[in-house]
Amino acid sequence: MEESKVAAESTAVSERPAHNDSSGSPTFLKLKGQNLVYAVTFGSSIGFLLLGYDLGYMGGLTTSDEFLRLFDYPNASLLGFMVSAYELGCLFGSLFQFFFGDRKGRKFGILLGTSIIIIGAVLQTTSYGLAQFLVGRIVAGFGLGAMVTVVPVWLIECTIPKSRGRMMAMQLSNLILGLIISNWLDYGMASYSGSISWRFPCAFQIVFCLIILCYIPFLPESPRYLFAVGKIEQGTHCLAALRAGYPDHPEIDKEIQQIQYALAVESEDVGTWSDVWKDNGISGFSRVAIAMSANAIQQLCGSNVMSSLGPYILQNSIGLSHYNSLLVSGGLQVFYFLSSLIPWYTIDIFGRRKLFMIGSVGMGICMTMSAILVGIGSKSCAYGAVVFLYLYQTCFTLGWQSNLWAYPSELLPMKLRLRGGSLAVTSQWVFTFLVVEVTPPMIENIGYKSYIIFAILNFLAVPTVYYFYPETSKRRLEVVDLFFGDRDGKRPSIFRVVKDSVNPQFVQEIERQLEELVQQQHENREILAEEKLKSQHLEAV
């Protein structure tokens, strides 16, 4: 595949050792330390901006007369499938990463996915029939699914624990920026006659793809991935650049030893894609199941209803006109973006669990009030429902948006991080497809009761998080691994793991144990090296 070759050549840029600055410290793009982490965050943010744009621009097309006329005014079910076909492609893209994602590196997966998105965008833009448009949606979705499966893993593996959540929150704000661009572009193009009113929004996503293809190759590969595949020198240089240190600095050496210790423990039992279904001494399946459930809950709570079908909901459920629905939907995404700035400051203060639960309660209340107001049906109540849908977006971005994309990568062990993360993202696209597919006919058939269903699902998320989701905020990825380790020769239950993960004394003890185990492994290696030298010396004599 040609795009595979291009991606491989581009990725090779980061496989070489980083350049050094005047002091001898490795750099990429003349950046190092936190500035380089910001550069990686920006690169991953463009990927999520593309995700937001692709999720949002179809919302305006679902109320465009030019678009609907070309496809003979599809009914609610077919229109829902035209939107959700993208999620179907995303599902296959994330499954592709499940089977093949660990072979070429994090950046390769991003570049390959982006190249495929361009093909899908061209197919959609040039469509004059339903079949070609659906193929274009699925192809572009495949590329996006492959890309966004890798992006959060790459970012999580490059950042440091204390700022990991904030970097992810910054990335997710760009997802909303993509929604804003798509909504306002749809609104602006609605005044144009002819097919350009919908073809231009389809084609515009290529701009973001080109930025990714030109920028990502010059950034570092994930150090943890490089260590996992035995590229020690490249991994050391990338890690030193990301930490603004030198390859032989004690702190860099300490982090490398912790990474190698975790890899050594996992390598004893974990080796193939089938291990996501097994325990293998690291509670592998339990952790994958939690990650998959988190992605499913995010979609079942109704988050993508307004992102993918905002104008349709506002026109057909709330009762706004075509242009007012586009205008209000555009304003909703601006409000959504401003709300997404809150997690920049809260995500690493309150932790994952508290924000998950606070967000779910808030979203449940907003959906309940929307059901009541839409059910009453007056004009003033319709405006009130719009207000609660705005507030819903605030609760979602505070509780689930940034948290969700960080959580699986923090929770999963290194050898399952991409494969397990791929399954988690696959579950997200399965439920996104389900929700986006059924929402138009659901709104048409049961009206305000649709919001009641989403309210119940949001409230049910609270006990699920409380009993089954361990805390991962500000924890080293290797420390999270030890949460699931044996205690007194027995595997702890998930309830015990959750309880211990929020116990500061236990976390400190685990961190101390990790340092001791790493030091012991280091000493054992030195002893083995000395014994090997002695043996070679005796043989020579």
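Calculation criteria
- Residue numbering note: each chain is counted from 1, following its sequence as written.
- pLDDT decides what is reported in this predicted model: residues at 70 or higher carry local features, side-chain atom pairs at 80 or more are listed and counted, and totals for whole chains, interfaces and linings draw on all residues regardless.
- Hydrogens are left out, water is left out, and the side-chain values use all remaining heavy atoms of the structure.
- The numbering of helices and of strands both runs from the N terminus, where a helix is a DSSP run of H or I of at least 4 residues and a strand a run of E of at least 2.
- For every accessible area listed, the method is Shrake-Rupley and the probe measures 1.4 Å; residues are considered covered only by the protein chains on display.
- In a helix, the anticipated span is given by 1.5 Å times the number of residues less one.
- Classification of residues uses two cut-offs on accessible area relative to the type maximum, computed with a 1.4 Å probe and protein chains only: under 20% is buried, over 50% is exposed, and between them is partly exposed.
- Here a cavity means grid points, on a 1 Å grid over the protein atoms only, where a 1.4 Å probe fits yet cannot get out; a pocket means an open set of points with protein on both sides within 12 Å along at least five of seven lines; lining residues are those with an atom within 4 Å of a point.
- Grid points are joined across faces, edges and corners, and a volume is the space filled by probe spheres set on the points.
- Following the grouping adopted for this structure description, the nonpolar residues are Ala, Val, Leu, Ile, Met, Phe, Trp, Tyr, Cys and Pro, the charged ones are Asp, Glu, Lys and Arg, and the polar ones are all others, Gly among them.
- Pairing of aromatic side chains here covers Phe, Tyr and the six-membered ring of Trp, requires ring centres within 6.5 Å, and sorts the geometry by plane angle: under 30 degrees stacked, over 60 edge-to-face, intermediate tilted.

(A) Inspection of the overall build of the chain at higher detail. What the chain contains, in helices and strands, is 22 helices and two strands. Carbon and sulfur atoms provide 63% of the accessible area of the chain, an area that totals close to 20900 Å².

(B) Fine view of helix α16 (residues 352–376). Here α16 spans 37 Å end to end across 25 residues, near enough to the 36 Å set by a 1.5 Å rise per residue. Trailing α16 by a residue or two, Gly377 shows a phi angle of about 90°, which is positive.

(C) Representation of the environment of Pro26. Considering the arrangement of structural elements, one finds Pro26 in strand β2 (residues 26–27). With a relative accessible area of 0%, Pro26 lands in the buried category. The spacing of Pro26 and Thr236 is 210 residues in sequence and 9.7 Å in space, taken between C-alpha atoms.

(D) The arrangement of empty space enclosed by the protein in detail. Under the defined criterion, the tally for this structure stands at five cavities of 30 Å³ or more. Estimates place the volume of the largest cavity at around 120 Å³. Considering the residues around the largest cavity, the lining is formed by 15 residues, among which Leu55, Leu175, Gln298, Gln299 and Asn304 are closest to the centre. Elements supplying a minimum of two residues to the lining of the largest cavity: α2 (33–61), α7 (164–189), α12 (284–300), α13 (303–318), α17 (379–411) and α18 (414–446). Each residue belonging to the lining of the largest cavity can be placed in one class, and the counts come to eight nonpolar, seven polar and no charged.

(E) Looking closely at unusual backbone geometry. Of note in this structure, Lys30 is not a glycine but carries a positive phi near 60°. On the basis of relative accessible area, Lys30 is assigned to the exposed category, the value being 80%.

(F) Just the environment of Leu477, in detail. Mapped onto the elements, Leu477 comes out in helix α20 (residues 477–483). Separated by 218 residues in the primary sequence, Leu477 and Ile259 have C-alpha atoms spaced 8.7 Å apart.

(G) Up close: the packing of aromatic side chains. In total, this model carries 23 aromatic pairs according to the counting rule given. With centroids separated by 5.6 Å and ring planes inclined at 85°, the aromatic side chains of Trp184 and Tyr187 adopt a geometry described as edge-to-face. Here Tyr187 and Trp184 lie together in helix α7, a separation of three residues that amounts to about one turn. You can call Trp184 partly exposed: its relative accessible area is 32%. With a centroid separation of 6.3 Å and an interplanar angle of 50°, the aromatic rings of Tyr336 and Phe396 are classed as tilted.

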